[in-house]
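# Analysis of the macromolecular model
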Amino acid sequence: MVGDGLTISREEEEEEEERSLAPLPSSGRHHRRKSSASAASRDGFPNPAHVRHLSRTETERLASSQRELADSNSRIVFIGDPGGSDPRFEIPRNSIRTAKYSPITFLPRNLFEQFRRLSYIYFLAIVILNQLPQLAVFGRGASALPLAFVLLVTAVKDAYEDWRRHRSDRIENNRAASVLDPQSGRFLSKRWKEARVGEVLKVLANESIPCDMVLLATSDPTGVAYIQTINLDGESNLKTRYAKQETMARPPGEDHPVDSAGVIRCEQPNRNIYGFLGNMEVDGKRVSLGPANIILRGCELKNTAWVIGVAVYTGSETKVMLNSSGAPSKRSRLETRMNRETLLLSAILIALCSVVAICNGIWLGNHSDDLELAQFFRKRDYSDGDDKKYNYSGIGTQVFFAFLMSVIVFQIMIPISLYISMELVRLGQAYFMVRDANLYDESSNSRFQCRALNINEDLGQIKYVFSDKTGTLTENKMEFQCASIRGVDYSGGRVSSRDNGEAHYILAAGKHILKPKMSVKTDPELVRLLKNKGDTEQGKRAREFFLALACCNTIVPLVVDTSDPKQKLIDYQGESPDEQALAYAAASYGFVLIERTSGHIIIDILGNRQRYDVLGLHEFDSDRKRMSVIVCGPDKTINLFVKGADNSMFGIIQNKVDLSMIDATKANLHAYSSLGLRTLVVGMRELSRKEFEEWQSAYENANTSLMGRGKLLRAVASNVERELHILGASGIEDKLQEGVPEAIESMRQAGIKVWVLTGDKQETAISIGFSCKLLTEAMTQIVINCNSEESCRNKLQDAVAMYRKFAVISPDPFENALTGTGSTKVSMALIIDGISLVYILKTKLEEELFKVATACDVVLCCRVAPLQKAGIVSLIKSRTEDMTLAIGDGANDVSMIQTADVGIGISGQEGRQAVMASDFAMGQFRFLVPLLLVHGHWNYQRMAYMILYNFYRNAVFVFILFWYVLYTAYTLTTAITEWSTVLYSIVYTALPTIVVGVLDKDLSRKTLMKYPQLYRSGQRDERYNLKLFTLTMMDAVWQSVATFYIPYLAYRQSTVDGSSLGDLWILAVVILVNIHLATDVFRWYWITHVAVWGCIVATLICVIIIDCIWTLPGYWAIFKIMGTGLFWLCLLGVIVAGMLPHFSVKALKEYLMPSDIQIAREMDKFRRMNAATMEIQMNRFSTLQL
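The following refers to the structure shown. Keep in mind that this is a model prediction, so the values were computed, not measured. (Residues numbered from 1 in each chain as written. Predicted model: local features only at pLDDT ≥ 70, side-chain atom pairs only at ≥ 80, totals over all residues. Heavy atoms only, no water.)

## Notes on the overall build of the chain
Definition in use: By the criteria applied, helices consist of DSSP H or I runs no shorter than four residues and strands consist of E runs no shorter than two, each listed in order from the N terminus. Partly exposed residues are those whose accessible area sits between 20% and 50% of the maximum for their type, while under 20% is buried and over 50% is exposed, using a 1.4 Å probe and protein chains only. Residue contacts are defined here by distance: any two heavy atoms, one from each residue, within 4.5 Å place the two residues in contact. With residues, only the protein chains shown are counted as cover, and all accessible areas are computed by Shrake-Rupley using a 1.4 Å probe.
Check the secondary structure of the chain and you find 38 helices and 37 strands. Residues classed as buried in the chain amount to 56% of the 1186 residues present. Considering only contacts in the chain between residues 6 or more positions apart, those separated by 24 or more positions represent 75%. When the accessible surface of the chain is summed, it comes to about 49100 Å², and 56% of that surface belongs to carbon and sulfur atoms.

Structure below.
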């Protein structure tokens, strides 16, 4: 149920299991030999059935690989014969390509991708119009410069990124691999990109796997191999893979010709990295293949000298390449809402152009007689003396041309430079977020990752946070705390076994001392009970309990060196932290797992080393919610050990015999869950020879079945997992991460609602909720645990009634979404389980759930599936405009992360699936507070101001051009040179807004962290809304009037030409908009001064250079006007008159109606003021503005 196509749903699996399997086509090229029967095992029992040792994380998804192969949907691979592999399909070689472009396709494809922005098409149309002689206003080159500059910068950035991809591809494709030569039987070196499906490859220890390979042989006699998948899914623990015994006996090489190896039929390439389905025909015998028999490209071989395998998927068809797509593209809310303002600006642009065109038509009509002899307006041709009609198009055409020319002149009303400025600002913001030491996690040595550069500002507007529990709020580092054995609670452990002298050391060969890498707290009474060697029934059950913990797992024990050469540590490797915790607990009590192969395990039991043959293992799956193992001990008895969730275990335990013990165990389980512990129930039963033989026969038939293999294996497991004797239960603590309670409280004060979505039991989730201060004793809990739609409806109706009971009329203007009567004084928490959500989501009850959930302060969802998590996020996202954020650490959180507006992955213990699907990634949940309250606030206020400023800056310039047109008979001539018009947005005024967008800080980090309620300004859209846009446009109109008319009126009666006035206007508007920006800057840095004042100086230099070019109009104009005192007086008058309204409104507003931000800024500036008083004022204003 993991998102992004990684697994296959249960419905798809069942459909596939109904399909039939056609017989495998035979091939004359392969020899058929009868398989030799294996001898009986050393203890007289039949050889163990082949066991697939998968971790819980993998096996939970195993069902997706147990669907059936249709003949038309399979791949045929002849081992050692790449030329004979499936001719029905075109199979690629092993070369990969992550680059997007080639030298030939770069230009057309890059331009196509850039012009997917509609605004770019608009600017391209403007450039094309300006190339027409009838419409040419600017020079053809000058009109194309802004668009060309933006396209060039983006193209250079894309080209550099793609060059890095090409370099990485070359390095990867040219790595060396050992490939078997069928003629000589030797392994020869070949480049990775030359490997083909069907070829046999050999991989040595610590080497990477070059392609997806089915294992044929390993250096271990039992066929086991250990791999590390950190490059595939980020998980660092070792995983076990196995070669089939049928191929282990004859590994391809010099001694065994490859042409007799066999043929493989497997599923077509797919993205499911946790599943594989196939079968192999070897010497006339068909054996099944599963996920434990394949190793994937990108993995590394560890603790195994070598493996030999056959390539089944290569190049772009490998699972790692099929999963290489990134997270879905998201757009920020500001960018989305910017479209509204862009449409308004377009309307203003059309209005201005219409006014000019209409006035132009009226003027032509009024002066039609005067224009009879004008070159372009005469109606008759007098050149040859003949009185005939001249080719005159008429006033209507001139009006149309005037409209198009107006669009060209006023084109920068929609700022093209804004888009590239936003990209640069986001890049700078991301740099400072990544470099922030407060977001650095020392424990995992991981920095903050910004994987999506286009939604930085959304971090400042989050209203809902949806969080996973395990590994997100908690550490996902499990620690065994207590046990219940035969109903007796053993929870007296207070110190670790090493500290109390009870650590169990094992004297290994070579006189080395072995001991577990980690120790856990032990109960003294239980330790004494185990040392009595099972003299009592309780002691016997206690030994069986810990023996079950040591046997019933997929842990791989590894011996690692220490600084002391005489001492070595046993490191338990496993994907599931629960299994690791239970294995370390068993070791601390003296049951130490020290060796595992595919056929047996060795356990040191209180100093006595014993071997247990693993006869069979049923992996954990989401249907049974348990796992089991069948072992044969030194006394030749066969025992079945089972562990699993309580709701799945109590149904298969002997209720009549152990009734009182079961009741006592249930009571202990409830107590453990109330403490926030994760619980498992352990049981066992002894199998007779007949029962084992029946199980083995059924297991072999199911495992080799070509139809319904998944159903048959589950049926075999369910059939043997019955009539168990209960041994006890375990309690494992998943500790809260550092700073989680404080983080949740800060977000609560910031107006952010935190919802926890977990798969844990209700009691465990509630306990964790209290621990992390999500729940409080003062909250009224609404619990919905239902098994039908009708009961869910009744519960929701009761919840509405309960809420209305506590709701009271309040003078607070904040109205509640549910009742509309006002806010409530009673805090409420909704607690709902996954079964209830099955009946609520996607039904009419969904709306009722939305009303109840949004009325509550806290929502806690228990026992929820991954798709239900995404459904809860959609519940809010589809019904409100509030911003949502999802945070998680596991593959089961991927769909939730991708559904939310902002997705954050935790680099935790469950791999990097969540990180790879996220927009941002970090190491700890508590980093969410500085990320949102500090960087989110900064990014939002910076980007909001930058967008409005760009609209204002360009509007001022356009209105100046408009006023000038009104005094030139609407001819659309411009006093400002075309080069200054082009450079205005990309040189004269661009740099300051980028610097301010990256560096400006309205408040210090300390203040933002101390007063979380300041975050609410982003939730209320205080820095970017329609009202601010309207006021900004009004300010732009006024400043354009001041900028145009002060010089116009001053020089109206003088002999100064239009070019000189144009130079004055361009200098005045650049100085004015930069001073406008300077008055709004909160924090000045040296680079801010350089950008603001430097751009003014750069503008003056550019104007001088332009006027020094004699081929351009306005030659030497600046020198004629700049030498007069009136020039400088006009500049001063423009600045004073233009800035007066803006400065006055800003001062009055901050003095008479200060916002939270202003109050906090005053506190930052004047730290002598009483902080408590300031906090009261901020709370008051926050409440009134909600």
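## Description of a nonpolar patch on the surface
Filter applied, for reference: By definition, no residue in a patch forms a salt bridge, and every one has over 30% relative accessible area; like charges are joined within 9 Å, nonpolar side chains (Val, Leu, Ile, Met, Phe, Trp, Tyr) within 5 Å. Basic side-chain nitrogens of Lys or Arg form a salt bridge, by our definition, when they fall within 4 Å of a carboxyl oxygen of Asp or Glu.
Residues Val1097, Ile1101, Ile1105 and Ile1109 make up a contiguous nonpolar surface patch of roughly 340 Å² in combined accessible area. Relative to the elements of secondary structure, Ile1101 occurs in helix H34 (residues 1086-1107). Here Ile1101 falls in the partly exposed class, since its relative accessible area comes to 45%.

## Brief notes about the sheet that holds strand S6 (residues 224-228)
The line we're drawing: Whether two strands pair depends on DSSP finding at least two bridges between them. Each axis is a line fitted through C-alpha atoms, and for a helix only the stretch in contact is used; angles between axes span 0 to 180 degrees, taken between their N-to-C directions.
The three strands lie next to each other as S7-S6-S12, forming an open sheet whose pairing is antiparallel. Here the strands that pair on one side only, and so sit at the sheet edges, are strand S7 (238-242) and strand S12 (300-302). Averaged over all neighbouring strand pairs, the angle between strand axes comes to 45°, with direction disregarded. Where S6 and S7 come together, five bridges link them in antiparallel fashion. By the bridge assignment for S7, Ile227 is matched with Lys239.

## Let's talk about the pairing of strand S27 (residues 626-632)
Across the seven residues that make up S27, a large majority, seven, are buried. Side-chain alternation along S27 places Arg626, Ser628, Ile630 and Cys632 on one buried face and Met627, Val629 and Val631 on a second face that is also buried. In this structure, strand S26 (residues 608-618) lies alongside S27, joined through five bridges in antiparallel fashion. Bridged to His618 within S27 is Ser628. When S27 meets strand S28 (residues 638-644), the two strands line up antiparallel, connected through seven bridges. Counted as the bridge partner of Arg626 is Gly644 from S28. Two successive antiparallel strands, S27 and S28, enclose a turn made up of five residues, where Lys636 displays a positive phi of approximately 70°.

## Comments concerning the pattern of salt bridges
When their charged atoms lie close together, side chains carrying opposite charge are able to pair. For the structure shown, the criterion picks out 39 salt bridges. Residue Glu317 pairs with Arg75 through a salt bridge whose shortest N-O separation is 2.6 Å. Residue Glu317 is located in the loop between strand S13 (306-313) and helix H8 (319-322), and its partner Arg75 is located in strand S1 (residues 74-78); the two are separated by 242 residues in the primary sequence. We note that Glu317, like Arg75, is buried. Glu1022 serves as the salt-bridge partner of Arg1020, at 2.7 Å between the closest nitrogen and oxygen.

## Describing the nonpolar core
Nonpolar side chains in soluble globular proteins tend to end up buried together. To be explicit about the condition: Buried Ala, Val, Leu, Ile, Met, Phe, Trp, Tyr and Cys residues form a nonpolar core when they are joined through side-chain atoms within 4.5 Å.
Counting 99 residues, the largest nonpolar core has Phe410 and Ile1066 as its most contacted members. When near neighbours in sequence (up to four residues on either side) are disregarded, Phe410 contacts Leu349, Leu352, Cys353, Val356, Val958, Leu961, Phe962 and Val965.

## Observations concerning the environment of Asp893
On the secondary structure map, Asp893 appears in the loop between strand S35 (883-888) and helix H25 (894-899). Since its relative accessible area comes to 0%, Asp893 is described here as buried. Between the alpha carbons of Asp893 and Gly903 there is a distance of 9.7 Å; along the sequence they are ten residues apart. Excluding residues within four positions of it along the chain, Asp893 makes contact with Asp468, Lys869 and Gly888.

## Section: the packing of aromatic side chains
Short version of the rule: Stacked, tilted and edge-to-face pairs are distinguished by plane angle, under 30 degrees for stacked and over 60 for edge-to-face with tilted covering the rest, among Phe, Tyr and Trp rings (Trp via its six-membered ring) whose centres lie within 6.5 Å.
For the structure on display, the rule yields 36 aromatic pairs. Taken together, a centroid distance of 6.3 Å and an interplanar angle of 15° make the contact between Tyr464 and Phe466 stacked. Residue classification places Tyr464 among the buried residues on the basis of a relative accessible area of 4%. Residue class for Phe466 comes out buried when judged on its relative accessible area of 0%. An aromatic cluster is present here, built from Phe410, Phe959, Phe962, Trp963, Tyr964, Tyr967, Phe1044, Tyr1045, Tyr1048 and Trp1065 joined pairwise through their rings.

## Looking at helix H13 (residues 537-551)
We apply this condition: How far a helix is expected to stretch is found by multiplying one less than its residue total by 1.5 Å.
For H13, which comprises 15 residues, the first-to-last C-alpha distance of 21 Å matches the rise-based estimate of 21 Å (1.5 Å per residue) to within 8%. Within H13, twelve of the 15 residues are buried, which leaves it mostly tucked inside the rest of the structure.

## So, H34
Threshold: We define the bend at each residue as the angle formed by axes fitted to the 7 residues ending at it and the 7 residues starting at it.
With 22 residues, H34 should cover 32 Å at 1.5 Å per step; its first-to-last C-alpha distance of 31 Å lies within 8% of that length. Along H34, the largest kink reaches about 30° and is centred on Gly1094. All buried positions along H34 are accounted for by Thr1088, Ala1091, Val1092, Cys1095, Ile1096, Thr1099, Cys1102, Val1103, Ile1106 and Asp1107. Considering only its buried residues, H34 is in contact with helix H28 (978-988), helix H29 (990-999), helix H33 (1058-1080) and helix H35 (1117-1122).

## Here's the deal with the side chain of Ser1040
Our working definition: Think of a polar contact as two N or O atoms within 3.5 Å of one another; within protein, one of them needs to be a possible hydrogen donor and the other a possible acceptor, and neighboring residues in sequence only count if both atoms come from side chains.
On the secondary structure map, Ser1040 appears in helix H32 (residues 1026-1050). When its relative accessible area of 0% is taken as the criterion, Ser1040 is described as buried. A distance of 2.6 Å separates a polar atom in the side chain of Ser1040 from the backbone oxygen of Val1037.

## Section: the packing of H28 against H33
The condition is simple: Should an angle fall under 35 degrees it is taken as roughly parallel, and over 145 as roughly antiparallel, whereas 65 to 115 is taken as roughly perpendicular and any remaining angle as oblique. Two helices crossing with the near one rotated counterclockwise from the far one by less than a right angle form a left-handed crossing, whereas a clockwise rotation gives a right-handed crossing. Only Asp, Glu, Lys and Arg are considered charged, only Ala, Val, Leu, Ile, Met, Phe, Trp, Tyr, Cys and Pro nonpolar, and every remaining residue, Gly among them, polar.
Look at H28 against H33: their axes get within 12 Å of each other, and the N-to-C directions meet at 20°. Here H33 runs roughly parallel to H28, going by the angle between their axes. In this structure, the crossing between H28 and H33 has a hand that is right-handed. Here Ser980, Tyr984 and Tyr988 of H28 lie close against H33, whose contacting residues are Ile1066, Val1069, Val1070, Val1073 and Asn1074. Split by residue class, the contact of H28 with H33 holds six nonpolar, two polar and no charged.

## Some remarks on unusual backbone geometry
Although it is not a glycine, Arg863 sits at a positive phi angle of roughly 55°. Positionally, Arg863 belongs in the loop between strand S34 (858-862) and helix H24 (866-877). The residue Trp1116 is not glycine, and still its phi comes out positive at about 70°. Counting through the fold element by element, Trp1116 comes out in the loop between H34 and H35.

## Some thoughts on the sheet that holds strand S2 (residues 176-180)
If you trace the six strands from one edge of the open sheet to the other, you get S3-S2-S4-S13-S5-S11, paired in antiparallel fashion. Edge positions in the open sheet fall to strand S3 (187-191) and strand S11 (294-295), since each of these has one partner strand only. The pairing of strand S4 (residues 200-204) with S13 spans five bridges and is antiparallel. Across the sheet, the residue bridging to Lys202 is Ile308, located in S13.

## What about the environment of Arg191?
Its place among the elements puts Arg191 in strand S3. Once the C-alpha coordinates of Arg191 and Val179 are considered, the two residues, twelve residues apart in sequence, prove to be 9.2 Å apart. Contact partners of Arg191, with chain neighbours within four places excluded, come to Asn173, Asn174 and Arg175.

## Some remarks on the packing of helix H9 (residues 333-366) against helix H10 (residues 395-409)
The N-to-C vectors of H9 and H10 enclose an angle of 145°; their axes lie 8 Å apart at closest approach. Judged by the twist between their axes, the crossing of H9 over H10 is right-handed. Across the interface between the two elements, Ile350, Cys353, Ser354, Val356, Ala357, Asn360, Gly361, Leu364 and Gly365 from H9 touch Ile395, Gln398, Val399, Ala402, Phe403, Ser406 and Val407 from H10. A breakdown of the residues in the contact of H9 with H10 according to their chemical character gives ten nonpolar, six polar and no charged.

## Looking at the pairing of S28
The buried count for S28 comes to seven of seven residues, which makes it a mostly enclosed element. Across the two faces of S28 the burial is the same, with Ile638, Leu640, Val642 and Gly644 and Asn639, Phe641 and Lys643 all buried. Looking at chain direction, S28 and strand S29 (residues 677-687) are connected through seven bridges and run antiparallel. Bridged to Gly644 within S29 is Val681.

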